[in-house]
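For reference, the chains in residue letters:
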Amino acid sequence: MSRNNGRSAQDPSRNLVPCDVSSDYRDARPFVFVIFGGAGDLSRRKLLPTLFSMYVRKNLPEQFEIIAFGRQDLDHIRYRQMIKTALEQSDEVGSPTAGQVESFLQRLHFAYGHFEDLGHYNDLNHLIARLSRNYRMDIVYYLSIPSTLYNQVTSTIEDSELPTNPENTKIIIEKPFGRNLSTALELNRTVNRVFREEQVFRMDHYLGKETVQNIIFFRFANSIFEPLWNRNHIDSIQITVAESIGVEHRGRFYEKTGVIRDIFQNHMLQVLALVAMEPPTSFKAQQVRDEKVKVLRSLRPVSFQDVPSVSVAGQYTAGTIEGVQVRAYRQEENVPPDSIVPSFFAARLHLDNWRWAGVPIYVRSGKRLPRRVTEVVIKFKQPPLKLFKDDCIPLDSTSLVLTIQPDERIQIRMGVKYPESANLIVPVDMSFKYNDFFDRTYVGPYERLLRDCLGGDQALFVRQDAVEASWQFSDPFVEWWEECGCLEMYPSGSWGPDSSRTFIERDGRRWETN
Ligand SMILES: NC(=O)c1ccc[n+]([C@@H]2O[C@H](COP(=O)([O-])OP(=O)(O)OC[C@H]3O[C@@H](n4cnc5c(N)ncnc54)[C@H](OP(=O)(O)O)[C@@H]3O)[C@@H](O)[C@H]2O)c1
């Protein structure tokens, strides 16, 4: 492929004009970014490196300050040293100059505090007031803390002197938003007592991925697919979110979460909403989120008793992945030897609306599967008349494959005549791979979402009603598989329990992602 000024000759971004950058982004106002848990894992590994890389690329306004609020024995100087080390170890950061690092670090501040202690919030408030005294600053609170503390921290913000003015304050909350419907309702009630919905940015980093966003663009920017995007032409939809890693050092977290809460209730249902939604009337936050929530509300409810007939759950045992021997879930750090937490889940879902009535949606997610891949497969119906029925190989129908990670690509799998055969049809791929075409590294999901939040654009954040609809649908699955004690074990390196295969084969189909 020929290259031109670092971009491929065919890269259409050469023709981009400034209006392609959203005005919200250009208009980001000076801000104080207050990170609750600013010395924690997520802050060190993701948030601060992302803010730094935005700073280096001049994607932040001139005036900004960052405060980490936490209980570690730190002060401004020691915190800056901690973040300097984190930046050196981060893959998110390119090769900055020493001057860039130093000037960024000068904007970092540490406020010592326990989240239970109101007095510490008032100390934090004095620091915010001091840092924002010369400019009109937006205040962004980021809850980078265990989700069990979200209610308490938000309530204490309410009781404290910290600013919550809707004109210039926002709050970012990391997933998970509750553990089930009742805790999500409780969290939303607490948050909405202090902040209006337009101040609340619920962050599911999956939605910041370029390829997840592209589901909407692909669908609504190409008129050839939309007429086919319905029950008349589509046989079934599959969504696979496979990880080859196990729980690693997060056993304690995973024991309280499991795959249904960790992946299905949020990432998967959000991807499904993008695949299945009606075209919004505009690309504004409200219209996009209205359409997504309609999809979630049209999921056919599954009662507690019906869960085992439409889903399969399992847990990994020891096995081999890419030639490496790996241990069982029950042998992982901080996991009890009799754990009944599922690391694999597959289900058949239905959307009861006009577009999708009768189209089964198969979802599957697990840890310690053979490879890391997130893929959506749209399987089209067979042609109405089988002209080639004498062929000994059954004709495979056309499918469209949207690969979200690790290789972002779009493929159409179709049948062509095998050369010189009488009527043999073989499947071939027409494939578009992002990296072959666009000669650039994308901004990571955190950057995209932070940028949108600073600019006040909520389109890629999860709205309260969507959180509640997702939990309402997911709760019976979580409860059944947590209570039944009947997980099916699968060896690491396989595609999950045997019954996840037989379950789809009974419907006359097979998993397309392998
Ligand atoms: N880490 C990830 O890769 C990741 C990915 C996606 C989402 N998330 C979500 O992001 C959030 C933060 O994750 P994390 O891994 O960074 O969590 P974490 O390291 O367990 O906790 C974050 C920070 O909060 C502090 N903290 C906890 N309780 C406190 C208290 N009572 N008073 C003051 N400080 C307190 C911790 O201090 P100590 O160090 O002293 O305990 C730590 O510095 C979680 O909700 C998580 O589910 C994390």
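Quick note: structure is the one above.
What comes next is a walk through the structure.

Reading guide: rules and limits
- Residues numbered from 1 in each chain as written.
- Predicted model: local features only at pLDDT ≥ 70, side-chain atom pairs only at ≥ 80, totals over all residues.
- Heavy atoms only, no water.
- Helix = DSSP H or I, 4+ residues; strand = E, 2+ residues; numbered from the N terminus.
- Rg over C-alpha atoms; globule rule 2.2 N^0.38 Å.
- Buried < 20%, exposed > 50% of the residue type's maximum accessible area, 1.4 Å probe, protein only.
- Contact = heavy atoms within 4.5 Å.
- Near = heavy atom within 4 Å.
- Polar contact = N/O pair within 3.5 Å; in protein donor to acceptor, adjacent residues only side chain to side chain.
- Areas by Shrake-Rupley, 256 points an atom, 1.4 Å probe, with all protein chains shown as cover.
- Nonpolar A, V, L, I, M, F, W, Y, C, P; charged D, E, K, R; others polar.
- Pairing = 2+ DSSP bridges.

## What about the overall build of the protein?
Per the secondary structure count, the protein includes 16 helices and 19 strands. The globule rule puts the C-alpha radius of gyration for 514 residues at 24 Å, and the 24 Å found for the protein is close to it. Overall size of the protein, expressed as C-alpha extent along the three principal axes, is 80 × 60 × 45 Å. When each of the 514 residues of the protein is scored for burial, the buried share is 53%. Within the protein, counting contacts between residues at least 6 apart in sequence, those at least 24 apart form 77% of the total.

## A look at unusual backbone geometry
Looking along the chain, the bond that leaves Lys-175 and enters Pro-176 is cis, with omega of 10 degrees. You can see Pro-176 is positioned in the loop between strand 7 (169–174) and helix 7 (181–194). Here the residue pair Gln-405 and Pro-406 is connected by a cis peptide bond, since its omega of 0 degrees sits within 30 degrees of zero. Mapped onto the fold, Pro-406 is located in the loop between strand 16 (399–405) and strand 17 (409–417). The backbone phi angle of Glu-248 is positive, close to 50 degrees, even though this residue is not glycine. Within the secondary structure, Glu-248 sits in the loop between strand 9 (234–242) and helix 9 (251–255). Positioned with a positive phi, Arg-368 is a non-glycine residue whose angle comes to about 60 degrees. Along the polypeptide, Arg-368 turns up in the loop between strand 14 (361–366) and strand 15 (373–380).

## Focus on the site of the ligand
In the region of the ligand, 22 residues are neighbours, and Asp-41, Arg-45, Arg-71, Glu-116 and Ile-145 sit closest. Note that an oxygen atom of the ligand is positioned 3.3 Å from one of the backbone N or O atoms of Gly-40. In the environment of the ligand, an oxygen atom lies 2.7 Å from a nitrogen or oxygen atom belonging to the backbone of Ile-145. Coverage of the ligand by the protein chains reaches 78% of its 890 Å² of free accessible surface. The element best represented in the shell around the ligand is helix 2 (residues 41–56), accounting for three residues. By residue class, the composition of the shell around the ligand is eight nonpolar, seven polar and seven charged.

## Some words on the pairing of strand 16
The two faces of the sheet receive side chains in turn, since in a regular strand these alternate between them. Of all seven residues in strand 16, seven are buried, a share of seventy percent or more. Alignment of strand 15 against strand 16, held across six bridges, turns out to be antiparallel. Looking at the pairing, Ile-378 lines up with Leu-400 of strand 16. For strand 16 and strand 17, the ladder comprises five bridges, and the chain directions are antiparallel. Its bridge partner being in strand 17, Ser-399 is matched across the sheet by Arg-413. What sits between strand 16 and strand 17 in their antiparallel hairpin is a turn of three residues.

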